[in-house]
Amino acid sequence: MSDINFIHSDKYSKAIELSKKFVAKVTTRPILLFVEHRKDGSIIATDSSKALIVENLHGFDQDYLINPNTLEFATGKFPDIFRSIGGENYKHVITLDREQIKVWLQMHRSMNQMFKMLKSKRHKIVNVTIDEKKRINFNIRHHENELDYRLPTTEISGSMETISYDNERMRDALEVHEKLESEKVFIKFTGILSPFVLTNDEDVSVYVSPIRTY
């Protein structure tokens with residue numbers, strides 16, 4: 001083993017496995033089937049509704065595209081996701097510690113199972129609001145049924161109008177941080193229609209697009 005030099009981080013295999021949930025599932029835009037490996041050591045995966053970015057992960061000295069499902073290598077111009085994400089003028093931040101990340105993940109996994117039982121055919125929508133008392137409130141509606149609940153947080157800054165998101169997108173984002181062992185997650189919002197980010201402010205960020213509800 002002493003004469004083997006590994007060029008990737010020990011998180012690389014986990015990150016690539018997780019990226020399978022962030023690449024596109026259809027070939028409408030073939031390039032989104034790939035994970036961009038930038039020569040700065042970061043990877044980016046997106047299906048245009050959510051995006052995964054992990055920094056300091058690999059040792060390639062030039063840009064590559066890798067399909068995480070087939071392990072095909074390619075080169076090409078990957079879309080600039082940062083243009084659609086926008087700036088970082090965040091107005092509201094929810095902070096989770098390691099145990100709270102696990103609780104939130106388990107709750108979103110459970111909600112996903114519930115949506116399956118209810119046979120939701122469209123988005124599995126969760127509505128979240130931060131009230132003036134710094135409490136985060138979740139709401140799920142399905143036909144005549146409605147469920148309200150709260151989850152633990154370490155800190156909340158600012159009150160916030162209701163933001164709606166797809167439960168699976170949030171579940172996948174939380175799973176990334178749980179499996180890559182983030183010690184803290186900061187969920188940062190700019191507005192009800194802007195992508196929000198779950199980041200550890202170190203090397204892992206997941207962007208999620210909200211859902212318009214009428």
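Description of the structure in this document. As the structure is a computational prediction, the values presented were derived from the model and not from experiment.

## Concerning the sheet that holds strand S12 (residues 184-189)
For sheets, the rule is that strands pair by backbone hydrogen bonds, running either parallel or antiparallel.
Thinking step 1. Overall, antiparallel pairing links the ten strands, which are arranged S5-S4-S1-S2-S3-S14-S13-S12-S6-S10 in an open sheet. At either margin of the open sheet sits one strand with a lone partner, and together these are strand S5 (73-74) and strand S10 (155-157).
Thinking step 2. Set on the sheet, helix H4 (residues 167-179) makes contact with strand S3 (50-54), strand S6 (92-97), S12, strand S13 (196-199) and strand S14 (204-208); between it and S14 the angle comes to about 180 degrees.

## Re the packing of aromatic side chains
Thinking step 1. By the definition in use, this model includes six aromatic pairs.
Thinking step 2. A ring pair is formed by Tyr64 and Phe73, whose centres lie 5.8 Å apart and whose planes are at 70 degrees; its orientation type is edge-to-face.
Thinking step 3. Judged by its relative accessible area of 23%, Tyr64 is partly exposed.
Thinking step 4. Put simply, the rings of Phe60, Tyr64 and Phe73 pair up and form one aromatic cluster.

## Concerning the pattern of salt bridges
Thinking step 1. In total, this model carries 14 salt bridges according to the counting rule given.
Thinking step 2. Between Asp172 and Lys21 there is a salt bridge; the shortest N-O distance is 3.9 Å. Highlighted residues: Asp172 in helix H4 and Lys21 in the loop between helix H1 (12-19) and strand S1 (35-37), separated in sequence by 151 residues.
Thinking step 3. Given the relative accessible area of 33%, Lys21 is considered partly exposed.

## So, helix H3 (residues 98-118)
Thinking step 1. With 21 residues, H3 should reach 30 Å at 1.5 Å per residue; the first-to-last C-alpha distance of 31 Å fits that figure.
Thinking step 2. Looking at H3, one finds that the buried residues are Gln100, Ile101, Trp104, Leu105, His108, Met111, Asn112 and Phe115. Buried positions in H3, seen along its axis, are confined to an arc of 135 degrees and lie on one side of it. Facing away from the buried surface of H3 by more than 90 degrees, the exposed residues are Glu99 and Met117.
Thinking step 3. Capping the start of H3 is the job of one residue whose side-chain oxygen sits 3.2 Å from the backbone nitrogen of Glu99: Asp97.
Thinking step 4. Lys119 sits one or two residues past H3 and shows a positive phi near 60 degrees.

The rules behind the values
Residues numbered from 1 in each chain as written. Predicted model: local features only at pLDDT ≥ 70, side-chain atom pairs only at ≥ 80, totals over all residues. Heavy atoms only, no water. Pairing = 2+ DSSP bridges. Helix = DSSP H or I, 4+ residues; strand = E, 2+ residues; numbered from the N terminus. Contact = heavy atoms within 4.5 Å. Axes fitted to C-alpha atoms, helices over the stretch in contact; angles between N-to-C directions. Phe/Tyr/Trp six-rings, centres within 6.5 Å; stacked < 30°, edge-to-face > 60°. Buried < 20%, exposed > 50% of the residue type's maximum accessible area, 1.4 Å probe, protein only. Salt bridge = Lys/Arg side-chain N within 4 Å of Asp/Glu carboxyl O. Expected span 1.5 Å × (residues − 1). Arc of directions from axis to C-beta. Polar contact = N/O pair within 3.5 Å; in protein donor to acceptor, adjacent residues only side chain to side chain.

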